[in-house]
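So you can see what is in the structure, the chains are spelled out below.
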Amino acid sequence: LRVRRLLAVLGAALFASHPVHVENVVYIVGCADSIATGAYLLAVLLFLRATLKPVNSRLSVWHYMGLLLLTAVSGLCKEPGFTVLFFLACSEIVLRT
């Protein structure tokens, strides 16, 4: 009876430690990538729509708040998302010269 219990414990330990559900983990990591990319692209789109207007190219307080919020969302999902403000500064230099 002890051998069966030992085999049951070993089988349960193997089942608990074996990565049977790897695709679920990959899906969760992929969601973070998608959210970070989406927020990054929305920040770029918001910036370009606000600055490429022919009438008034100044950003309002709401634009700055939106950019900071989208940068935070993108950066908290994936660390490269924090580079969006640097990218926008570089694109501003390129577009204005």
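Up top is the structure.
Quick caveat: nothing in here was measured; it's all calculated off a predicted structure.

Draft legend 1. Summary view of a nonpolar patch on the surface. The grouping of Val3, Leu6, Leu7 and Leu10 at the surface amounts to a nonpolar patch, some 420 Å² of accessible area in total. Topologically, Val3 is positioned in helix α1 (residues 2-17). Classification of Val3 by relative accessible area gives exposed; the value is 59%.

Draft legend 2. Inspection of the nonpolar core at higher detail. Counting ten residues, the largest nonpolar core consists of Ala39, Ala43, Val44, Phe47, Ala50, Leu59, Leu67, Leu70, Val84 and Leu88. Where this core is concerned, the elements lending two or more residues are α2 (22-51), α3 (61-77) and α4 (84-96). Beyond its immediate sequence surroundings of up to four residues, Phe47 is in contact with Leu59, Leu67, Leu88, Ser91 and Glu92.

Draft legend 3. Seen up close, the environment of Pro80. Here Pro80 shows up in the loop between α3 and α4. Overall, Pro80 belongs to the exposed group, its relative accessible area being 55%. Pro80 sits 43 residues away from Thr37 along the chain, and the two C-alpha atoms are 9.6 Å apart.

Draft legend 4. Representation of the packing of aromatic side chains within the structure. Summed over the entire model, instances satisfying the criterion amount to one aromatic pair. The interplanar angle of 40° and the centroid separation of 6.2 Å between the aromatic rings of Tyr40 and Phe87 together place this pair among those described as tilted. Remark: Phe87 occurs in helix α4 and Tyr40 occurs in helix α2; sequence separation between them is 47 residues.

Draft legend 5. Quick look at α3. With 17 residues, α3 should cover 24 Å at 1.5 Å per step; its first-to-last C-alpha distance of 24 Å lies within 8% of that length. For α3, the full list of buried residues reads Gly66, Leu67, Leu70, Thr71, Ser74 and Gly75. Axial view of α3: buried residues confined to an arc of 155°, hence all on one face. The outward face of α3, more than 90 degrees from its buried face, is lined by the exposed residues Val61, Trp62, Leu68, Leu69 and Leu76.

Draft legend 6. Inspection of α4 at higher detail. Taking 1.5 Å of rise per residue, the 13 residues of α4 would be expected to cover 18 Å, and the 18 Å separating its terminal C-alpha atoms lies within 8% of that figure. Every buried residue of α4 is listed here: Val84, Leu88 and Ser91. Seen along its axis, α4 keeps its buried residues to an arc of 65°; they face one direction. Residues of α4 that are exposed and point over 90 degrees away from its buried face: Phe86 and Ile93.

Definitions and cut-offs
- Residues numbered from 1 in each chain as written.
- Predicted model: local features only at pLDDT ≥ 70, side-chain atom pairs only at ≥ 80, totals over all residues.
- Heavy atoms only, no water.
- Patch = residues over 30% accessible without salt bridge, like charges linked within 9 Å, V, L, I, M, F, W, Y side chains within 5 Å.
- Areas by Shrake-Rupley, 256 points an atom, 1.4 Å probe, with all protein chains shown as cover.
- Salt bridge = Lys/Arg side-chain N within 4 Å of Asp/Glu carboxyl O.
- Helix = DSSP H or I, 4+ residues; strand = E, 2+ residues; numbered from the N terminus.
- Buried < 20%, exposed > 50% of the residue type's maximum accessible area, 1.4 Å probe, protein only.
- Core = buried A, V, L, I, M, F, W, Y, C linked by side-chain atoms within 4.5 Å.
- Contact = heavy atoms within 4.5 Å.
- Phe/Tyr/Trp six-rings, centres within 6.5 Å; stacked < 30°, edge-to-face > 60°.
- Expected span 1.5 Å × (residues − 1).
- Arc of directions from axis to C-beta.

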